[in-house]
Amino acid sequence: MGNAFRTVIAFFPSDACQKYILGDLEEMPIDKMLDLSSRQVRRFPLHVCSFRELVKLYLSDNNLNHLPSELEQLQNLQILALDFNNFQTLPPVVCTLKQLCILYLGNNRLGDLPVELRQLQNLKTLWIESNCLYHLPNVVCELKQLKTLHAGSNALHSLPAQLWYLKDLRSIWLSGNLLPEFPPVLLHMPFLEIIDVDRNIITYFPSLTHLSSLKLVIYDHNPCRNAPKVAKGVHRVGRWSEESPEPRKRSGMDRIKGSEDIDSILPPPGHLSLAE
């Protein structure tokens, strides 16, 4: 009943209705963090732009499809969460927030990203999962400080060769796309520690033994004929993961036993932990 009532109230622009939805926002929070998630917000409250020391702003799970240009005043923002909204294009003002380190854009309706995103040269973690991306925007390859890229649950068929330029990238999450082959560019990125290509349409995996930094590869739910060969100590999640890198032959091969816990390098169940 509460959520239904809040949804109805959100359509009314009066100050009283907006105060009911947003609560008391008279002063900037002491911890410099503002969480307006799941408030049925349809219009960004302009007076938040006066909180110029704000570092973290969470707007997840609302009904936003626009952000005002006044948001540019929040030049100290390091974390911005816009996931689970109705954005079809990224509001241009986001690209002016040059101190951003973590940007959540998942579960919207984005079909591309603007070239202006290249201005966010401090960005280290980018979430663009569950959008309408048929290709990975080339501008992502210009985010030189990027360490973690979440691009799962889109409709990606390939990755651009320019992705190799991201020398700081350590983990890439690509599950639930339409990759017909293991992306060739990833074979030239020995600094990667985590590769997730679960739930694609990959039929064959090349050897990954030369990827010297690799710690985990997830390749389950692909129509593959083989498992990727990996170096000793690398964890695999998928068919034949506990066997030799090839399907067991009649001659038999010893199972490779791995008892290490991989939970420490899997992503957290909720993004509010802010792990990069």
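Predicted model only: the values in this text are computed from it and were never measured.

Draft legend 1. Broad picture of the pattern of salt bridges. Taken as a whole and judged by the stated rule, the model has three salt bridges. Between Glu-142 and Arg-118 there is a salt bridge, with its nearest N and O atoms 2.7 Å apart. Placement of Glu-142 in the loop between strand S5 (125-127) and strand S6 (148-150) and of Arg-118 in the loop between strand S4 (102-104) and S5 is noted, with a sequence separation of 24 residues between them. For Glu-142, a relative accessible area of 29% puts it in the partly exposed group. Judged by relative accessible area, which is 38%, Arg-118 ranks as partly exposed. Residue Glu-193 pairs with Lys-215 through a salt bridge whose shortest N-O separation is 3.9 Å. Residue Glu-193 is found in the loop between strand S7 (171-173) and strand S8 (194-196), and its partner Lys-215 is found in the loop between S8 and strand S9 (216-218); the two are separated by 22 residues along the sequence. The class of Glu-193 is partly exposed, set by a relative accessible area of 24%. In this structure Lys-215 comes out as partly exposed when scored by relative accessible area, which is 40%.

Draft legend 2. The confidence of the model for the chain, seen in detail. Of all residues in the chain, 79% attain a pLDDT of 70 or more, and the chain-wide mean is 86. Long-range and interchain partners of residues 4-12, a stretch whose pLDDT sits below 50, account for 17 contacts in this model, where long-range means more than four residues apart. The low-confidence segment residues 245-270 (pLDDT under 50) makes 35 contacts with residues lying over four places distant or belonging to another chain.

Draft legend 3. Up close: the sheet that holds S9. Spatially, 10 strands are ordered S1-S2-S3-S4-S5-S6-S7-S8-S9-S10 in an open sheet, and the strand pairing comes out parallel. Because the sheet does not close on itself, it has two edges, and the strands there are strand S1 (33-35) and strand S10 (235-237). Pairs of neighbouring strands in the sheet enclose a mean axial angle of 5°, with direction left out of account. Two elements, S8 and S9, share three bridges in a ladder whose sense is parallel. Its bridge partner lying in S9, Ile-195 is registered against Val-217.

Conventions we followed
- Residues numbered from 1 in each chain as written.
- Predicted model: local features only at pLDDT ≥ 70, side-chain atom pairs only at ≥ 80, totals over all residues.
- Heavy atoms only, no water.
- Salt bridge = Lys/Arg side-chain N within 4 Å of Asp/Glu carboxyl O.
- Helix = DSSP H or I, 4+ residues; strand = E, 2+ residues; numbered from the N terminus.
- Buried < 20%, exposed > 50% of the residue type's maximum accessible area, 1.4 Å probe, protein only.
- pLDDT = per-residue confidence, 0-100.
- Contact = heavy atoms within 4.5 Å.
- Pairing = 2+ DSSP bridges.
- Axes fitted to C-alpha atoms, helices over the stretch in contact; angles between N-to-C directions.

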